[in-house]
Each structure stands twice: as C-alpha cells, then as structure tokens.
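# Summary of structural features
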Amino acid sequence: MSLAESTPLPEEDSWPPAKPAHVIVVGNEKGGSGKSTTAMHIIVSLLRDGYEVGTLDLDARQGTLTRYINNRRRSAAAGEPLPLPRHQFLQPSELPTRAEAEAEDRDRFDQLYAEMRVLCDFVVIDTPGANTYLGRLAHSHADTLVTPMNDSFLDLDMLATVDATGRNVEKLSVYSEMVFEQRKARMQRDRSSIDWVVVRNRLSNLNARNKQDIADVMNALTRRVGFRMAPGISERVIYRELFPRGLTMLDLLEAGESASMSHVAARQEVRALVEALALPERQPKQQRRAAE
Ligand SMILES: Nc1ncnc2c1ncn2[C@@H]1O[C@H](COP(=O)(O)OP(=O)(O)OP(=O)(O)O)[C@@H](O)[C@H]1O
Ligand SMILES: [Mg+2]
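Being a predicted model, the structure only gives us computed values, none of them experimental. (Residues numbered from 1 in each chain as written. Chains lettered and ligands numbered in written order. Predicted model: local features only at pLDDT ≥ 70, side-chain atom pairs only at ≥ 80, totals over all residues. Heavy atoms only, no water.)

## A word on the pattern of salt bridges
Per the counting criterion, the structure on display carries 15 salt bridges. Residue Asp251 is joined to Arg72 by a salt bridge in which the shortest nitrogen-to-oxygen separation is 2.8 Å. Residue Asp251 is found in helix H9 (residues 249–254), and its partner Arg72 is found in helix H2 (residues 64–77); the two are separated by 179 residues along the sequence. A relative accessible area of 2% means that Asp251 is categorised as buried. Using a relative accessible area of 1% as the deciding quantity, one classes Arg72 as buried. One salt bridge in this structure joins Asp190 and Arg186, with 2.9 Å as the shortest N-O distance. Within this pair, Asp190 and its partner Arg186 are both found in helix H6 (residues 174–190), separated by four residues, close to a single helical turn. Residue Arg186 is classed as buried on the basis of its relative accessible area of 3%. (Salt bridge = Lys/Arg side-chain N within 4 Å of Asp/Glu carboxyl O. Helix = DSSP H or I, 4+ residues; strand = E, 2+ residues; numbered from the N terminus. Buried < 20%, exposed > 50% of the residue type's maximum accessible area, 1.4 Å probe, protein only.)

Below is the structure:
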C-alpha cells in the first residue's frame, strides 16, 4: 500500500483562521468499532461547512483514513467538485530503544500538530485500535475526544466493567484509565480539559429492548467514567460502498447524485452527531476571504 504524502492545498485556497484549530481525536482501543468511518463523516461534514480541515492518520499499519482520502483525491482529480482536507500520516518511529522511539514520535507529532493548529479550523486525528504511544499522545491533545463503540453489551467493556444489575461500575477499563491519565497530562500541560463524547455505532432497528438496556447502562456510566453521549449512527451498507470513491452520502446529496430517503436520513444522523459535539464557532473560509 502506498500512503499519501501531505496535501498542500493551492495557496489561493488557503485562508488561515484567526484562532488555533480545535482538535478532534477519534479513539477506542477496540479494533473495528468505527473510528475511521466516524472520522470520515466528521471530516466531510466540516469540509462541507466550508472549514479548513486538517486530518492526521496515526494508524499507519491500516492507513484506512489515508486510503479514504487518497480515493477522495482521485475522485476530485477526475472532476468531482470535492472539498479536500490537508492530510498527514505518521509512521511510528523504528528507532531501537523505546525511549529513542518515543522521543522521535513525540517530535514528529509535535511538529505536525503545531503546523496544523495554525493552518486549520479543525484537526481530526484517527488513532489505531490498539494502545500505542502515538495514540496516547494524540488523546492528550484532544479538545474533543470521540469514541465510537459498537452497539452491544460486549462493547461496554471497553468503558468499564459493570455488575450484574448493569447499574454499578466495578472497575474502569484500561481504555477509560488511559483517557483519565491523558486528561491529567492535558490539564498539567495547558490547563485545558478534554470533552469526551461516546457515540454508539451500527445501531440496528432490531432488538429495540436490548438497545434500550444498553442506553440505560450507558447513562449510568456517564458520570462515573466521565464522558457524555451523542446520537449514534445506524448500520448502513452505504458507508462501505462509498469508500472506494472517497465519498460520504453528504457528497452524493450535495452533488444531486442521490435524493434517496435513506441517504437523507443518514445525512441527518451525521448532522445530529456533529451538532452534538458542540464544536466552537469558527468563521468558514469563504467568509474570511470575503472580509479581506
Ligand atoms: N455504521 C456502519 N454501518 C456499516 N458499516 C460500518 C459502520 N461503521 C463501520 N462500518 C464498517 O465496519 C468496519 C470497521 O469500521 P472502521 O474501519 O471504521 O473501524 P475502526 O474502529 O477504524 O477499525 P480499526 O480499529 O481497525 O482502525 C469497516 O468495514 C466499516 O466499513
Ligand atoms: Mg481505523
């Protein structure tokens, strides 16, 4: 697999924001929970709202976000009018000792982070489904942490272990402990906090009872573990189908390629999710340009 190089946008398309970027990290140590899919939807939604968006793929092994953005770039080059992010990816250091490797990872991350913070309104970072140094580092830089989780009791384990009643937390998960540590690191570094938002992914219409049970337990967990909930995303084949073109249904609807009810409903879900993130107000690029 060849990974993309960074995407410097044409100068005339660049209108740097007045404030440093707001950083959204998408994380969950559990593999396949929908991190990259959720990241793509947040990215396209912000691009379509006219923002300068930076994207950073820390999952070099899979490179899902990078492949998606490469596909999107190819569609744009073939004539589709698609807004593109400034994309970067980071390979973990291969230096021999852990201390050396972590120091190199930190330097590279800090450099990319500093560049993107100045150039973009929002930076979206996709992290690997494993506990890695770069993943932890990214978490500590999140203004908003979005954690997608599959909609099952099994996946609740990645937040905490609950007792048989489903109401009492017995023990935080290693992932929740890690977020707790990174929150502390963040507070020490710049006195800022991390808004942690959990999103249920692949909601199905089946099994409404089970779904409600999970929602009840999640609500019981929010305070104890320190996150809040945002509306979830349904199971939809369209998410997989659009990957090779680097599109989301937001693009299809915008281009008039589709007016299907199910795509309109899917767009509504993504909008509801992004709205629930309650991101800070920014002036879209067009308005900045007009004000010059
Ligand atoms: N809401 C959804 N509806 C249908 N398919 C989905 C949905 N969310 C994710 N998928 C599919 O599930 C698979 C895993 O999703 P994704 O790659 O986004 O997860 P991930 O958390 O990034 O995985 P990893 O930990 O391996 O990086 C992909 O094939 C994706 O297309
Ligand atoms: Mg992924």
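What follows picks up the thread again.
## Side note on H2
The end-to-end C-alpha distance of H2 is 20 Å, a good match for the 20 Å that 14 residues give at a rise of 1.5 Å each. Thr64, Leu65, Thr66, Tyr68, Ile69, Asn70, Asn71, Arg72 and Ser75 are the residues of H2 that are buried. Contact partners of the buried residues in H2: helix H1 (35–48), strand S2 (53–57), strand S3 (86–89), strand S4 (122–126) and H9. (Expected span 1.5 Å × (residues − 1). Contact = heavy atoms within 4.5 Å.)

## Some details on the site of ligand 1
Residues in close proximity to ligand 1 total 18 residues, the closest being Lys35, Thr37, Gln62, Ser234 and Arg240. Between an oxygen atom of ligand 1 and a main-chain N or O atom of Ser36, the distance comes to 2.8 Å. Taking Asn201, its side chain carries an N or O atom lying 3.0 Å from a nitrogen atom of ligand 1. Among the residues making up the shell around ligand 1, the classes are represented as two nonpolar, ten polar and six charged. (Near = heavy atom within 4 Å. Polar contact = N/O pair within 3.5 Å; in protein donor to acceptor, adjacent residues only side chain to side chain. Nonpolar A, V, L, I, M, F, W, Y, C, P; charged D, E, K, R; others polar.)

## Focus on the packing of aromatic side chains
If you walk through the whole model with that rule in mind, you get five aromatic pairs. Plain terms: the ring middles of Trp196 and Phe227 are 5.7 Å apart, the flat faces sit at 65 degrees to each other, and that makes the pair edge-to-face. Here Trp196 is found in strand S8 (residues 195–203), whereas its partner Phe227 is found in the loop between helix H7 (208–226) and strand S9 (228–234), with 31 residues between them in sequence. Owing to a relative accessible area of 5%, Phe227 belongs among the buried residues under this scheme. (Phe/Tyr/Trp six-rings, centres within 6.5 Å; stacked < 30°, edge-to-face > 60°.)

## Thoughts on the pairing of strand S1 (residues 22–26)
The element S1 is largely enclosed, with a buried count of five among its five residues. Burial along S1 is two-sided: the face carrying His22, Ile24 and Val26 and the face carrying Val23 and Val25 are both buried. Relative to S4, S1 runs parallel, the two sharing five bridges. The residue of S4 that forms the bridge with Val26 is Asp126. Two elements, S1 and strand S5 (residues 144–150), share three bridges in a ladder whose sense is parallel. Residue pairing for S5: Val26 is matched across the bridge by Val146. (Pairing = 2+ DSSP bridges.)

## Some thoughts on the confidence of the model for the chain
Residues at a pLDDT of 70 or more form 93% of the chain, whose mean pLDDT is 89. Note on residues 1–5: pLDDT is under 50 here. Beyond four places in sequence and across chains, it has 19 contacts. (pLDDT = per-residue confidence, 0-100.)

## Some details on unusual backbone geometry
Unusually for a residue other than glycine, Arg191 sits at a positive phi of about 60 degrees. Position of Arg191 among the secondary structure elements: in the loop between H6 and S8. Backbone geometry places Ala278, a non-glycine residue, at a positive phi of 50 degrees. Residue position: Ala278 is located in the loop between helix H10 (261–277) and helix H11 (285–291). Given the relative accessible area of 56%, Ala278 is considered exposed.

## What about the packing of H1 against H2?
At a closest axis distance of 10 Å, the pairing of H1 and H2 adopts a crossing angle of 40 degrees. The orientation of H1 relative to H2 falls into the category oblique. By crossing handedness, the relation of H1 to H2 is classed as right-handed. Contacts between H1 and H2 pair Ser36, Met40, Ile43, Val44 and Leu47 from the former with Thr64, Leu65, Tyr68 and Arg72 from the latter. Partitioning the contact of H1 with H2 into residue classes produces six nonpolar, two polar and one charged. (Axes fitted to C-alpha atoms, helices over the stretch in contact; angles between N-to-C directions. Parallel < 35°, antiparallel > 145°, perpendicular 65-115°, else oblique. Left-handed = near helix turned anticlockwise from the far one by under 90°.)

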